[in-house]
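Spelled out, the chains give:
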Amino acid sequence: MNKKDYIKEFISKLSNLDRSRSVSTVFNDFLTLSYCSLAQTVYRSDNLEQKYLNIIKTYTKEQAEEFSKLLAFLVFGLEQEPQDFLGQVFMSLNLGNQANGQYFTPYSVCKFMAEINFTEIETLQNNQLITLSEPCCGSGALIIAFAQILREHNINYQQNLFVEAIDISEMCFKMTYIQLSLLGIPAKVVQGDSLSLKFQQVLYTPFYFLNGIEYKLKHYKSEQSNTKSEQTIRVIEPEQLSLFNL
C-alpha cells in the first residue's frame, strides 16, 4: 500500500489558507492554535484560551476550519509512521534562521543516533523510568526517534519515559510540544536558553499527567539520591613527594 504524502498536502493547504499573509505567519498561527488546544486539555488556562481567541478571531470561519484540517494532516502523518512532521514542513518552507545556524537534523540520522544511545539502557529493569534531556530540541526529532526505538524494543515510552526538552526559539517550543503531545510522550517542554538558564515558558504534555509520571519521577530522584548516599568514597592520603632519590 502506497503511503500518502500528508506533508505535501499540509504544505499545499497551508500555503493557500490566507494569501494576504506570509506562509511563516500562517504556520506560526497554526502552531499557536494547536499547542493552546492541546495544553488546554490539562491546564484549563485563561491565558491559553485568550491566546487562542486572539489569533482565531483574525481569520474567517472558513479559514478557521482549514486549521482543523491542517491538524488532521499532522495527526494522520504521525499515525502513518513516526517522523518529524513539523520539522520537515519547517525546513521545506525555508523558515529556519540561517543566521543562527538553524538547521534540523534529518530524521534518519536522529533514528541512528537514538539506536546508538539505546545500547546504554538495555540493562534497565522492567518499568524503570528512563529520563532524556534535550537542551536544543528543535522540533523534537531526536526525542521522537528515541521514542520510536523504545517502542521497537517493546518498551512503552508513554509509561516509562520522561523528557525535558528545551529550545530558545518559541516556534521550536510550539512544534515540540505539539508533536510530543500527539505522540503521547510525557515531557516538560521549555522555551529558554540552556546556557544562561533563562526560561520564558514551560508546559507539560498531557501524558505527563495521565500516566503518573510526576510520581514516578519523584521516586526515581529519591532512588538516585539514596544510591549516591550509599556510595563510599575511598580517600587516599598523598605521600610526600621526594625531590631527591635518597
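Look up a bit, the structure's there.
So, here is what we can say about the structure in this document. (Residues numbered from 1 in each chain as written. Predicted model: local features only at pLDDT ≥ 70, side-chain atom pairs only at ≥ 80, totals over all residues. Heavy atoms only, no water.)

**Some thoughts on a nonpolar patch on the surface**
Then step 1. A cluster of nonpolar residues, Val109, Phe112, Met113 and Ile116, forms a patch on the protein surface that exposes about 360 Å² of accessible area.
Then step 2. Along the polypeptide, phenylalanine 112 turns up in helix α6 (residues 107-118). (Patch = residues over 30% accessible without salt bridge, like charges linked within 9 Å, V, L, I, M, F, W, Y side chains within 5 Å. Areas by Shrake-Rupley, 256 points an atom, 1.4 Å probe, with all protein chains shown as cover. Salt bridge = Lys/Arg side-chain N within 4 Å of Asp/Glu carboxyl O. Helix = DSSP H or I, 4+ residues; strand = E, 2+ residues; numbered from the N terminus.)

**Observations regarding the sheet that holds strand β4 (residues 198-204)**
Then step 1. An order of β1-β2-β3-β4 is seen for the four strands of this open sheet, with the pairing classed as mixed. Each having just a single partner strand, β1 (130-134) and β4 make up the two edges of the open sheet. Averaged over all pairs of adjacent strands, the angle between strand axes in this sheet comes to 15°, irrespective of strand direction.
Then step 2. Pairing of β1 with strand β2 (residues 161-167) involves five bridges; the strand directions are parallel. The residue of β2 that forms the bridge with glutamate 134 is alanine 165.
Then step 3. In this fold helix α7 (residues 141-152) packs onto β1 and β2, with an angle of close to 160° to the strand it touches most, β1.
Then step 4. Across the face of the sheet, helix α9 (residues 170-182) comes into contact with β2, β3 (187-193) and β4 while running at roughly 175° to β3. (Pairing = 2+ DSSP bridges. Axes fitted to C-alpha atoms, helices over the stretch in contact; angles between N-to-C directions. Contact = heavy atoms within 4.5 Å.)

**Quick word on helix α4 (residues 61-80)**
For an α-helix, 3.6 residues make a turn, and residues three or four places apart therefore share a direction.
Then step 1. Along its 20 residues, α4 runs 29 Å from first to last C-alpha, staying within 8% of the 28 Å computed at 1.5 Å per residue.
Then step 2. Considering only its buried residues, α4 is in contact with α1 (6-17), α2 (23-43), α3 (46-56), α5 (85-92) and α9. (Expected span 1.5 Å × (residues − 1).)

**Comments concerning the side chain of serine 181**
Then step 1. Looking at the secondary structure, you find serine 181 in helix α9.
Then step 2. The contact partners of serine 181, leaving out residues within four places of it in the chain, are Leu38, Thr205 and Pro206.

**Examining the packing of α2 against α9**
Then step 1. At a closest axis distance of 9 Å, the pairing of α2 and α9 adopts a crossing angle of 50°. Considered as vectors, α2 and α9 are oriented oblique to each other. As for how α2 packs across α9, the hand of that crossing is left-handed. Of α9, the residues touching α2 (which contributes Ser24, Phe27, Asn28, Leu31, Thr32, Ser34, Tyr35, Leu38, Ala39 and Tyr43) are Met171, Phe173, Lys174, Met175, Tyr177, Ile178, Ser181 and Leu182.
Then step 2. Considered class by class, the residues forming the contact of α2 with α9 number 12 nonpolar, five polar and one charged. (Parallel < 35°, antiparallel > 145°, perpendicular 65-115°, else oblique. Left-handed = near helix turned anticlockwise from the far one by under 90°. Nonpolar A, V, L, I, M, F, W, Y, C, P; charged D, E, K, R; others polar.)

**Regarding the side chain of glutamine 201**
Then step 1. Within the element layout of this structure, glutamine 201 appears in strand β4.
Then step 2. Classification of glutamine 201 as buried rests on a relative accessible area of 17%.
Then step 3. Side-chain polar atoms of glutamine 201 contact the side chain of glutamine 191, separated by 2.7 Å.
Then step 4. Here glutamine 201 is in contact with Tyr35, Lys51, Glu170, Phe173, Val189, Val190 and Gln191, once residues within four sequence places are set aside. (Buried < 20%, exposed > 50% of the residue type's maximum accessible area, 1.4 Å probe, protein only. Polar contact = N/O pair within 3.5 Å; in protein donor to acceptor, adjacent residues only side chain to side chain.)

**Considering the packing of aromatic side chains**
Then step 1. The full count for this structure, using the stated rule, is 14 aromatic pairs.
Then step 2. Where tyrosine 6 meets phenylalanine 76, the ring centres are 5.7 Å apart and the plane angle is 45°; that geometry is what we call tilted. Of the two residues, tyrosine 6 is situated in helix α1 and phenylalanine 76 in helix α4; the sequence distance between them amounts to 70 residues.
Then step 3. Given a relative accessible area of 15%, tyrosine 6 falls into the buried group.
Then step 4. Taking the relative accessible area as the measure of exposure, phenylalanine 76 reaches 40% and is therefore partly exposed.
Then step 5. Between tyrosine 35 and tyrosine 177, the ring centres sit 6.4 Å apart and the planes meet at 80°, which makes this aromatic pair edge-to-face. (Phe/Tyr/Trp six-rings, centres within 6.5 Å; stacked < 30°, edge-to-face > 60°.)

**Structural notes on the nonpolar core**
Then step 1. If you look at the biggest cluster of nonpolar residues, it comprises 61 residues, and the most contacted ones within it are Phe10, Phe27 and Leu86.
Then step 2. Sorting elements by how many residues they give to this core places α2 first, with nine residues.
Then step 3. Apart from residues lying up to four places away in sequence, phenylalanine 27 is in contact with Phe10, Leu14, Leu86, Val89, Phe90, Leu95, Met171 and Met175.
Then step 4. The next biggest cluster of nonpolar side chains, apart from the first, holds five residues, and it includes Phe162, Tyr208, Ile213 and Leu217. (Core = buried A, V, L, I, M, F, W, Y, C linked by side-chain atoms within 4.5 Å.)

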